[in-house]
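What follows is each chain in one-letter form.
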Amino acid sequence: MNLKGTLPLLILHALESGPKHGYRIACEIKAKSKGVLDFKEGTLYPALHEQENKGLVESYEQTENGRLRRYYRLTEDGRKVLAKERTEWRSLSRAVTHVLEGA
Amino acid sequence: MSRGDDIGDIRRWLAENTEGLEPAEAEKARIEIERHIADVVRDRLATAPTNPAEQVEYYESLHDLVADLPPETREDLDLLISADERMAKDAVRMGERLSRLRSWSLDSWLGVATKGICQEGKERIREEISAHYLDALHEGLQQGLPKIEAHIKAMESLGDPRKAAKGFRRNYLTEKEAKWAEGVKRPQWGSFWGILALTSFCGVNFGVRAFDNSLAMLSLVAFAAYLTLYAWVMLRVVPRAARSGQFRTYHRLHSLVMLPYPLFWVLAAQTTGQISPHRALLANVLGLLFVMILAGLGDARITRKIHGAPPKRRP
């Protein structure tokens, strides 16, 4: 399924529960969406780096099982944006559902 | 009549040639027909289409061909057809996977996704994508997949490198931008001294010949403002890419066109005794402002790429 547009929100949401590396973020989104949302479009890392450039997430390196991994975590700005976008998404989702059910 | 290869032909041939025969003769003919059908099936299996879209219909027609045969013969041929069908499908699937495999090894994926990106960006992307690939590969192996399958699955999880490349280029300096950014970290003293020498030369000429000419004085003030603006842009030491390399590039062109003008004023003054460089100076200052605006647009983009991210901190 095309994730364009919703991917930043999904990334911020996945990081809300704690720092994660890219692969874990991808797995979590895929698992929680029951496999509907995956990243075959090749957009996860560019989107992650864009969020970092905007200051919504920050990254750091950490060794895991003897391998250096880059972890991402939410910044304060990221939390604010997540809260705002989540509210907007719910509102939009309800509106679209009303329209579709009304039709 | 020939028995032919089509099921209709075979059935017609059987009906026409066994009618009125003794049971023993009819049985003999039936056995011959079965053998003939088996030969036809084997011949057709040998020439099965390689196009997956045609294969479904093709194998169905073969199953139809043997549908009316006695069970013991039909079952053997059905098994033969099904086995061949499976092999054909596996071959197609394996061909597709091998094709994907040839296209996207990890190195080739990274090569496409990071094409044009500066070295620093390439290294970070390589490090992160390699870690992702290894995680996906290990997970596949833990699920019991053969290594080749696990590799293919891991590569698929990375997505399309061409789309990733577009995204990365929005977030990282290209090699050219990095070169610009690197080149403007230091003050550009060489250009500054050149302009200062030229201005001094002009100034001395103005001073000697036309200090009573108010227009010339005004022009001299304008040129001093131009020089100050130029010095501010080119000589201040600023963070990386806060002053774009584009400015330097554009300004060289601008200087090439505009800077000879003061020399023309001096030459004109020496030959005619009249000094009126105000128009040339105005064009020069406006030209510089135009260059600064153009460079500023590019500068904002490059600076955002470099300084947009907050400082990296360890947890």
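Please read all numbers here as calculations on a predicted model, not as lab measurements.

Conventions we followed
Residues numbered from 1 in each chain as written. Chains lettered and ligands numbered in written order. Predicted model: local features only at pLDDT ≥ 70, side-chain atom pairs only at ≥ 80, totals over all residues. Heavy atoms only, no water. Helix = DSSP H or I, 4+ residues; strand = E, 2+ residues; numbered from the N terminus. Buried < 20%, exposed > 50% of the residue type's maximum accessible area, 1.4 Å probe, protein only. Contact = heavy atoms within 4.5 Å. Areas by Shrake-Rupley, 256 points an atom, 1.4 Å probe, with all protein chains shown as cover. Salt bridge = Lys/Arg side-chain N within 4 Å of Asp/Glu carboxyl O. Axes fitted to C-alpha atoms, helices over the stretch in contact; angles between N-to-C directions. Parallel < 35°, antiparallel > 145°, perpendicular 65-115°, else oblique. Left-handed = near helix turned anticlockwise from the far one by under 90°. Nonpolar A, V, L, I, M, F, W, Y, C, P; charged D, E, K, R; others polar. Pairing = 2+ DSSP bridges. Phe/Tyr/Trp six-rings, centres within 6.5 Å; stacked < 30°, edge-to-face > 60°. pLDDT = per-residue confidence, 0-100. Patch = residues over 30% accessible without salt bridge, like charges linked within 9 Å, V, L, I, M, F, W, Y side chains within 5 Å.

1. Section: the overall build of chain B
For chain B, the count of helices and strands is 14 helices and zero strands. Listed N to C, the secondary structure of chain B is α-α-α-α-α-α-α-α-α-α-α-α-α-α in terms of helices and strands. The 315 residues of chain B split such that 39% are buried. By sequence separation, contacts in chain B at least 24 residues apart represent 73% of the contacts at least 6 residues apart.

2. A word on the overall build of chain A
If you tally the helices and strands in chain A, you get four helices and three strands. Listed by position from the N terminus, the elements making up chain A come as α-β-α-α-β-β-α. The 103 residues of chain A split such that 45% are buried. Counted over contacts in chain A with a minimum sequence separation of 6, partners at least 24 positions apart contribute 47%. Put simply, chain A shows about 5,700 Å² of open surface, and 55% of that area lies on carbon and sulfur atoms.

3. Topic: the pattern of salt bridges
Inspection of every chain in the model, using the stated rule, returns 13 salt bridges over all chains. K32 of chain A is the salt-bridge partner of E28 of chain A, the closest N and O atoms lying 3.2 Å from each other. Here the residue E28 of chain A and the residue K32 of chain A both occupy positions in helix α2 (residues 22–32), the gap between them amounting to four residues, near one helical turn. Owing to a relative accessible area of 17%, E28 of chain A belongs among the buried residues under this scheme. Taking the shortest distance from any N to any O, the salt bridge between D160 of chain B and R162 of chain B comes out at 3.4 Å. Given a relative accessible area of 21%, D160 of chain B falls into the partly exposed group. The exposure class of R162 of chain B is exposed, given its relative accessible area of 52%. Among the charged side chains, a network of salt bridges with common partners joins K20, E28 and K32 of chain A.

4. Considering the packing of helix α3 (residues 44–53) of chain A against helix α6 (residues 119–142) of chain B
Interaxial distance between α3 of chain A and α6 of chain B falls to 12 Å at its minimum, and their mutual angle equals 130°. Between α3 of chain A and α6 of chain B, the crossing angle belongs to the class labelled oblique. Crossing geometry of α3 of chain A relative to α6 of chain B is assigned as right-handed. On the side of α3 of chain A, the interface is formed by Y45, H49 and E52 of chain A, while α6 of chain B contributes R124, I125, E128, I129 and H132 of chain B. A class-by-class count of the residues in the contact of α3 of chain A with α6 of chain B yields three nonpolar, two polar and three charged.

5. Describing the pairing of strand β3 (residues 67–74) of chain A
All names here are of chain A. Most of β3 sits inside the fold, with six of its eight residues counted as buried. Bridge count for strand β1 (residues 20–21) against β3 is two bridges, and the pairing is antiparallel. Within the sheet, the bridge partner assigned to K20 lies in β3 and is Y72. Bridge analysis of strand β2 (residues 57–64) against β3 gives eight bridges, and the strand direction is antiparallel. Its bridge partner being in β3, Y60 is matched across the sheet by Y71. Two successive antiparallel strands, β2 and β3, enclose a turn made up of two residues, where N65 displays a positive phi of approximately 50°.

6. Section: the side chain of Q51 of chain A
Take Q51 of chain A: it is sitting in helix α3. Other than its neighbours up to four places away in sequence, Q51 of chain A contacts P8, L12, L56 and V57 of chain A.

7. Concerning the packing of aromatic side chains
Residues and elements named next belong to chain A. Counted by the stated rule, this structure contains three aromatic pairs over all chains. Arranged with centres 5.9 Å apart and planes meeting at 15°, the rings of Y60 and Y71 form a pair that is stacked. With Y60 in strand β2 and Y71 in strand β3, this residue pair connects regions lying 11 residues apart in the sequence. Each member of the pair, Y60 as well as Y71, carries the same accessibility label: buried.

8. Some details on the confidence of the model for chain B
Residues and elements named next belong to chain B. Chain-level pLDDT for chain B is 71 on average; 53% of the residues reach the 70-or-more range. Note that pLDDT drops below 50 for residues 309–315; the model gives that stretch 19 contacts with residues more than four away or on any other chain. Among the prediction metrics, the complex's ipTM stands at 0.87, with pTM recorded as 0.54.

9. What about a nonpolar patch on the surface?
Residues W89, L92, V96 and L100 of chain A make up a contiguous nonpolar surface patch of about 410 Å² in total accessible area. Mapped onto the fold, W89 of chain A is located in helix α4 (residues 76–102).

10. Observations regarding the packing of α3 of chain A against helix α8 (residues 161–171) of chain B
The interhelical angle for the contact between α3 of chain A and α8 of chain B, taken along N-to-C directions, is 15°, at an axis separation of 8 Å. By the angle between their axes, α3 of chain A is roughly parallel relative to α8 of chain B. At the point where α3 of chain A passes α8 of chain B, the crossing takes the left-handed sense. Contacts from Y45, P46, H49, E50 and N53 of chain A in α3 of chain A reach A164, G167, F168, R170 and N171 of chain B in α8 of chain B. When the residues that make up the contact of α3 of chain A with α8 of chain B are grouped by side-chain class, the tally is four nonpolar, four polar and two charged.

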